[in-house]
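Below, each chain spelled out in residue letters.
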Amino acid sequence: GGLSKIMRQNPYKDRIVIVTGAGRGIGRYIAEAYAYQGAQVVLVEKDQDSGLEVERVINSQDQRGHLILTDVSNPQDITELFEQVQATFGAVHILINNAGISRFEAPYQLTVEAWDQIINTNLRSVFLCSRAAAQIMRLTGGGSIVNIASTRAFMSEENSEAYAASKGGVIALTHALAASFASDQIQVNSISPGWIETGDVANLRPVDHRQHWSGRVGTPKDIADACLFLTDPQNNFINGTNLIIDGGMTKKMIYAP
């Protein structure tokens, strides 16, 4: 009945959740949100200091954080990451592909090396991590993958070519993977954050908030809440889609004053 629906068991208790780029910003908040819900969270981070700090914070409450130092731009690192996860936990239920880098440089000057570094970190890693996770998920009845894209897949400012291409690629890759993994009961969705303030919101100007229909700049909690929503097994009818979380910014008509 109605009450049993309200009292339903926490869907994240003891689930194995992998979050890439978990050392700071949105990724850190996502990792902490799943740990708070009772999940075992694998913290994938290339920066040891920030990774250890998040692991310490999560484990001060409960031993639910597990740092695995990984550079997702390196395919061998990804292979070793998932070998370690399978050996330690024997399962993966949720993967959040969050790791990403940005670099803004005029297209006339952007080097092939810089282009490759951004594409390999932001896009290739999403494919490689998703494939490796799915190979484990399919053995235990499926799972859920969320890729963190960006509203920059739909709108741009100058000198952002590699980043924009990587995030547009993530959105297309999301529905392609959703198609390929469907028969394994693995759902794949993406989230496109707009302006998310990962520092001190107090430093923002009133005009920064006013340019959003929601009347404020976003916070990492806005994205973490959406991850919890998309990966809840009750919401498995949401598949292959992209959720824009930007306070309305990409839909806002702008005229010069």
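The shown structure was predicted, so the numbers you read here are calculated from the model rather than taken from an experiment.

Visitor: Kindly report on the overall build of the protein, identifying the contributing residues and their values.
Guide: The number of helices and strands found in the protein is eight helices and seven strands. Taken over the C-alpha atoms alone, the protein extends approximately 55 × 50 × 40 Å along its principal axes. Expressed as a percentage of its 257 residues, the buried residues of the protein come to 48%. A separation threshold of at least 6 residues defines the contact pool for the protein, and within that pool the share at least 24 residues apart is 71%.

Visitor: Give me unusual backbone geometry: which residues, what numbers.
Guide: Located in the positive-phi region is D14, a residue other than glycine, with phi close to 65 degrees. Counting through the fold element by element, D14 comes out in the loop between α1 (2-6) and β1 (16-20). The backbone of Q185 sits at a positive phi, close to 60 degrees, despite the residue not being glycine. Tracing the backbone shows Q185 in the loop between α6 (161-181) and β6 (186-193). The class for Q185 is exposed, based on a relative accessible area of 54%.

Visitor: I'd like a description of a nonpolar patch on the surface, backed by residues and values.
Guide: Among the surface-exposed residues, F154, M155 and I244 lie close enough to one another that they form a single nonpolar patch of about 250 Å² accessible area. Along the chain, F154 falls in the loop between β5 (143-148) and α6. Exposure remark for F154: the relative accessible area of 48% places this residue in the partly exposed category.

Visitor: Run through the environment of N189, naming residues and quoting values.
Guide: The topology assignment puts N189 in strand β6. When its relative accessible area of 0% is taken as the criterion, N189 is described as buried. Remark: the alpha-carbon pair of N189 and L243, spanning 54 residues in sequence, is separated by 7.9 Å. If we ignore the near neighbours within four places in the chain, the residues touching N189 are I145, V146, N147, T174, L230, I238, N239, G240 and T241. Of note is the side chain of N189, whose polar atom sits 3.1 Å from the backbone nitrogen of G240.

Visitor: Before we move on, can you summarise the nonpolar core with the specific residues and values?
Guide: Grouped together as the largest cluster of nonpolar side chains are 32 residues, with contacts concentrated most on I18, V42 and F82. The set of elements that each furnish at least two residues to this core consists of β1, β2 (40-45), α4 (75-89), α5 (112-137), α6 and β6. If you tally residues by element for this core, the top one is α5, at eight residues. For V42, the residues in contact, after removing those within four places along its chain, are I16, V17, I18, V19, H66, I68, L81, V85 and F89. Judged by nonpolar contacts, the second largest core, of 29 residues, contains I26, A31, A35 and A226.

Visitor: I'd love a proper account of the sheet that holds β5, names of residues and values included.
Guide: Spatial ordering of the open sheet is given by β3-β2-β1-β4-β5-β6-β7, a layout of seven strands whose pairing is parallel. The open sheet has two edge strands with one neighbour each: β3 (65-69) and β7 (242-245). Pairs of neighbouring strands in the sheet enclose a mean axial angle of 20 degrees, with direction left out of account. One ladder, built from three bridges, connects β1 with strand β4 (residues 94-97); its direction is parallel. Bridging from a neighbouring strand, V19 pairs with I96 of β4. Taken strand by strand, α5 contacts β1, β4, β5 and β6, and its axis lies near 180 degrees from that of β4.

Visitor: Run through the pattern of salt bridges, naming residues and quoting values.
Guide: This structure, assessed with the given rule, holds twelve salt bridges. The closest approach of N and O atoms between K221 and D225, which form a salt bridge, is 2.7 Å. One end of the pair is K221 and the other is D225, both in helix α8 (residues 220-231) and four residues apart, which spans about a single turn. One connected set of salt bridges, linked through shared partners, spans K13, D14, D62 and R64.

Parameters at a glance
Residues numbered from 1 in each chain as written. Predicted model: local features only at pLDDT ≥ 70, side-chain atom pairs only at ≥ 80, totals over all residues. Heavy atoms only, no water. Helix = DSSP H or I, 4+ residues; strand = E, 2+ residues; numbered from the N terminus. Buried < 20%, exposed > 50% of the residue type's maximum accessible area, 1.4 Å probe, protein only. Contact = heavy atoms within 4.5 Å. Patch = residues over 30% accessible without salt bridge, like charges linked within 9 Å, V, L, I, M, F, W, Y side chains within 5 Å. Areas by Shrake-Rupley, 256 points an atom, 1.4 Å probe, with all protein chains shown as cover. Salt bridge = Lys/Arg side-chain N within 4 Å of Asp/Glu carboxyl O. Polar contact = N/O pair within 3.5 Å; in protein donor to acceptor, adjacent residues only side chain to side chain. Core = buried A, V, L, I, M, F, W, Y, C linked by side-chain atoms within 4.5 Å. Pairing = 2+ DSSP bridges. Axes fitted to C-alpha atoms, helices over the stretch in contact; angles between N-to-C directions.

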